[in-house]
Amino acid sequence: MRRSKAFIPTSKEAPSDASLASHIFLARAGFISQSAAGLYNYMPLAKRVIKKIEAIVNEEMTKVGAQEVELSFVTPAELWQKSGRIEKFGKELLRFHDRKDNMFVLGPTHEEMMVELIRNRVTSYKNLPLNLYQIKTKFRDEARPRFGLMRGREFIMKDGYSFHSSQEDLDREFDLMEAAYKRILSRLGLDYRVVEADSGAIGGSGSKELMVIADSGEDTIAVCSSCEYGANIEAAISGEKKVIPDAPQAEFNKFQTPDIKSIDDLAAFFKIDPYYTVKCVAKKLIYETESEVVLFFLRGCDNLQEVKAVNAADALEIEDVSEEELKALGLVPGFIGILDQDKAKHVIDLNLKDAKHMVCGANELDYHYVGADLSVISDVAYFADISEVNAGDSCPHCDGELSFTKGIEVGHIFKLGTTYSKALKAEYLDENGKAQPFMMGTYGMGISRLVASVIEQHHDENGCIWTKATAPYMVNIMVSNIKDEAQMAAGEKLYKELQDQNVEVMLDDRKERFGFKMKDAELIGFPYTVIIGKELVNGNVQVYERTTTEKTAVSADEIFSYVMDII
RNA sequence: CGGGGUGUAGCUCAGUAUGGUUAGAGUACCUGGUUUGGGACCAGGGGGCCGAAGGUUCGAGUCCUUUCACCCCGACCA
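Given the structure is predicted, the values throughout are model-derived calculations rather than measurements.

**A short note on the overall build of chain A**
Move 1: Counting its secondary structure elements, chain A contains 14 helices and 33 strands.
Move 2: Along the longest, intermediate and shortest principal axes, the C-alpha atoms of chain A span 95 × 65 × 45 Å.
Move 3: Burial analysis of chain A (567 residues in total) assigns 52% to the buried set.
Move 4: Counting only contacts in chain A whose residues sit at least 6 apart along the sequence, the fraction spanning at least 24 positions is 68%.
Move 5: When the accessible surface of chain A is split by element, carbon and sulfur atoms take 47% of a total near 26300 Å².
Move 6: Across chain A, the mean location of the 67 positive side-chain charges is 6 Å away from that of the 90 negative side-chain charges.

**Some remarks on the packing of aromatic side chains**
Aromatic ring pairs: the centre-centre distance and the angle between the two ring planes describe each pair.
Move 1: Overall, the coordinates contain 9 aromatic pairs when judged by the stated rule.
Move 2: Note on Phe 255 and Phe 270: the rings are 5.3 Å apart at their centroids and 70° apart in plane angle, and the pair reads as edge-to-face. Here the residue Phe 255 occupies a position in strand β13 (residues 253–256), and Phe 270 occupies one in helix α7 (residues 263–270), the gap between them amounting to 15 residues.
Move 3: Look at Phe 270 and you get buried, because its relative accessible area is 18%.

**Notes on the sheet that holds strand β33 (residues 550–555)**
Move 1: What the 5 strands build is an open sheet, ordered β30-β29-β31-β32-β33; its pairing is mixed. Edge positions in the open sheet fall to β30 (505–508) and β33, since each of these has one partner strand only. Across this sheet, the average inter-strand angle for adjacent strands is 25°, counted without regard to direction.
Move 2: Here strand β32 (residues 540–545) runs beside β33; their pairing, made up of 6 bridges, is antiparallel. Following the sheet pairing, Val 541 is matched in β33 by Val 554.
Move 3: Across the face of the sheet, helix α12 (residues 485–500) comes into contact with β29 (475–479), β30 and β31 (528–532) while running at roughly 165° to β29.

**Brief notes about the protein's contact with RNA strand B**
Move 1: What surrounds RNA strand B is a group of 39 residues, the closest being Arg 140, Arg 144, Arg 151, Glu 522 and Lys 551.
Move 2: In the interface set of RNA strand B, defined as its atoms within 4 Å of the protein, sugar plus phosphate atoms amount to 43%.
Move 3: Note that a base oxygen of RNA strand B is positioned 3.1 Å from one of the side-chain N or O atoms of Arg 28.
Move 4: Lys 534 places a main-chain nitrogen or oxygen 2.9 Å from a base oxygen of RNA strand B.
Move 5: Listed by contribution, the elements that provide at least two residues to the surface near RNA strand B are β1 (32–36) and α13 (514–524).
Move 6: Ranked by residue count, the leading element in the surface near RNA strand B is α13, at 8 residues.
Move 7: Its residues placed into classes, the surface near RNA strand B shows 12 nonpolar, 7 polar and 20 charged.

**Some details on the sheet that holds strand β14 (residues 278–286)**
Move 1: Taken together, 5 strands build an open sheet; the order of strands is β17-β14-β15-β18-β21 and the sheet is mixed. Because the sheet does not close on itself, it has two edges, and the strands there are β17 (317–320) and β21 (383–384).

**Focus: the pairing of strand β23 (residues 402–417)**
Regular strands have side chains that alternate between both faces of the sheet.
Move 1: Pairing between strand β10 (residues 206–213) and β23: 8 bridges, direction antiparallel. Following the sheet pairing, Gly 206 is matched in β23 by Lys 415.
Move 2: The sheet contact formed by strand β11 (residues 219–224) and β23 spans 6 bridges and is antiparallel. Directly across from Ile 221, in β23, lies its bridge partner Thr 405.
Move 3: As judged from the 6 bridges shared by β23 and strand β26 (residues 439–446), these two strands associate in the antiparallel manner. Following the sheet pairing, Phe 414 is matched in β26 by Thr 442.

**What to know about the domain arrangement of chain A**
Move 1: The domain architecture assigned to chain A consists of domain 1 (21–237 + 403–455), domain 2 (253–388) and domain 3 (475–566).
Move 2: Each of domain 2 and domain 3 has a C-alpha centre, and these two points are 68 Å apart.

**Some details on the packing of α12 against helix α14 (residues 559–566)**
Move 1: Where α12 meets α14, the axes come as close as 10 Å, and the angle between the chain directions of the two elements is 40°. Between α12 and α14, the angle falls in the class oblique. The chirality of how α12 crosses α14 is right-handed. When α12 is examined against α14, the residues Leu 494, Glu 497 and Leu 498 are found in contact with a partner set consisting of Ile 559, Phe 560, Val 563 and Met 564.
Move 2: Per-class residue counts for the contact of α12 with α14 are 6 nonpolar, no polar and 1 charged.

**Examining the pattern of salt bridges**
Move 1: A full pass over the atoms with the stated rule returns 35 salt bridges.
Move 2: Measuring nitrogen to oxygen at the nearest pair gives 4.0 Å for the salt bridge that ties Lys 327 to Glu 323. Taken together, the residues span about one helical turn, with Lys 327 and Glu 323 both in helix α9 (residues 323–328) at a distance of 4 residues.
Move 3: Taking relative accessible area as the criterion, Glu 323 reaches 42% and is therefore assigned partly exposed.

**Some details on the nonpolar core**
Move 1: If you look at the biggest cluster of nonpolar residues, it comprises 61 residues, and the most contacted ones within it are Phe 31, Met 61, Tyr 181 and Trp 466.
Move 2: Two domains share this core, each providing at least three of its residues, namely domain 1 (21–237 + 403–455) and domain 3 (475–566).
Move 3: When neighbours within four sequence positions are excluded, Tyr 181 is seen to be in contact with Met 61, Lys 158, Leu 210, Ile 413, Tyr 443, Gly 444 and Met 445.
Move 4: Core analysis: the second largest hydrophobic core is formed by 32 residues, Ile 272, Val 321, Tyr 369 and Ile 377 among them.

**Section: the side chain of Asp 169**
Move 1: Mapping Asp 169 onto the fold places it in helix α6 (residues 167–188).
Move 2: Its relative accessible area of 17% is what places Asp 169 among the buried residues.
Move 3: A polar contact is formed between the side chain of Asp 169 and the side chain of Arg 172, at a distance of 2.8 Å.
Move 4: Look past the residues within four positions of Asp 169 in its chain and what remains in contact with it is Pro 129 and His 164.

What counts and what doesn't
Residues numbered from 1 in each chain as written. Chains lettered and ligands numbered in written order. Predicted model: local features only at pLDDT ≥ 70, side-chain atom pairs only at ≥ 80, totals over all residues. Heavy atoms only, no water. Helix = DSSP H or I, 4+ residues; strand = E, 2+ residues; numbered from the N terminus. Buried < 20%, exposed > 50% of the residue type's maximum accessible area, 1.4 Å probe, protein only. Contact = heavy atoms within 4.5 Å. Areas by Shrake-Rupley, 256 points an atom, 1.4 Å probe, with all protein chains shown as cover. Lys, Arg positive; Asp, Glu negative; His and termini not counted. Charge placed at Lys NZ, Arg CZ, Asp CG, Glu CD. Phe/Tyr/Trp six-rings, centres within 6.5 Å; stacked < 30°, edge-to-face > 60°. Pairing = 2+ DSSP bridges. Axes fitted to C-alpha atoms, helices over the stretch in contact; angles between N-to-C directions. Near = heavy atom within 4 Å. Polar contact = N/O pair within 3.5 Å; in protein donor to acceptor, adjacent residues only side chain to side chain. Nonpolar A, V, L, I, M, F, W, Y, C, P; charged D, E, K, R; others polar. Domains from an automatic or database assignment. Parallel < 35°, antiparallel > 145°, perpendicular 65-115°, else oblique. Left-handed = near helix turned anticlockwise from the far one by under 90°. Salt bridge = Lys/Arg side-chain N within 4 Å of Asp/Glu carboxyl O. Core = buried A, V, L, I, M, F, W, Y, C linked by side-chain atoms within 4.5 Å.

The structure is reproduced here in structure tokens:
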């Protein structure tokens, strides 16, 4: 491509609202342009990058036997009513009516459509397993799209669905897909981590997220310093505490603690470690048709993990609750106790199971119990893991230590089980001729989000730095002064030679000055720029490498073979 | 969905408190010339229903009402 004819509208100014590097540089370098909230146009450079990523995904999917299909973007609302997700998705589903007044929704994901596609077409265990996928635009009418391609309303996703006759076979496919996803991210040149994820209200027997490591990521993940363990903070667990503070020695007793309401005050008052205090976090849990105040008890040193709390209470949502609401229930804020708690439903963190030497609220103003032994309620209370891991906690699988990092969720693989096949009555006949719902897995990967992720991880103050696998053009030939006939001829010659070898090459033949064209090349982020300029009279050109920003002198006679070697 | 903010040239923004020439700058774009190794310079030029609709006024980018869009913080996010 000749730069003079290419549609690449670069700009010195970034959109006023852009804050992420990927948003700023993709906009400035002429990859994307916004058309409305969360909607972006892909210009030629972006389109090329997307095609490269899609090609790699397609190759890896083909390797593991997945078959590509393409389902309609406009989907009948009826399917979403059958699965119940028309309510669950709510306003995120963009709905509209056709001329016959039938309702449709723009597909936000395609579980229902895919199940419907194979229903009554795949009818025997002999045809299983089956793995179908597509790469397709999705639409979710998000309340707050932001960060450019990172969180758009319209985005490109690879979504795959597998069908099985047993849990074992689903487990096998799940591992296969995890390996394939890892290969894809490695080939793209990304630093990533596979982490345990919250499986959410949808149930299923497990899910993992593929996180690209980046400070700008919206997810917090806990990773082990020495083994492969990693988990979204919503699902992370820690191992046994290695150092346990000395226990306070006290007989069980009620103790006056005037105006001591916080854990810090309590620990200071008794001169004990917060580990030996019981914290109560009251929340309002929202269910389908009702809501209820639920008390969550944890060790004073731990914090409530709200996603775990919602799961433990089997609720849909969690909200804060006011002191007035607590008092209305007969609770005493600041002194809510774990023993003889009959005012509200409560969940106790597993870290408190059989805990001894504890200080806890006495359900009475200005009084706490000391020396409490919680083993007395071990058999009657409801225990669950509801605490958030802390940086420095020990790893649940090895001797390592957990630390936090930020990640961009670019993939999510999920063991769905039979949720959708049951809801949509999709069944096959097993060896005994008995109808069974399909066991399903679902595997998503955000293609347009990957484009942004590459730049989040690979950029500098001057612009994009594309990895070799993702670069829209591998080589940029920059003719410093197009009026210099020798320079121009050398540029044209190399351009043709590289094109003949199917190298993706750009020839910057614009009537611009050296500095302008270099800045432009850096902004766009070609891996290599061949500079044909003033050194040509001495028989030399230079190769500028974007990752290192170093220039290497190369003989003009050898430049073609030199380029073929490094790319 | 709650709270806040902004709409003026392709882009980034002045101008609006106190209404009053022909609505501005930088950048980008077109012409000509000079320049040619890190986003050049000179000269000339094109480009605006000041988000939209109503209203007040002799007169509205500026004041009032309504509305739409976009953005930010939060909630939400298979």
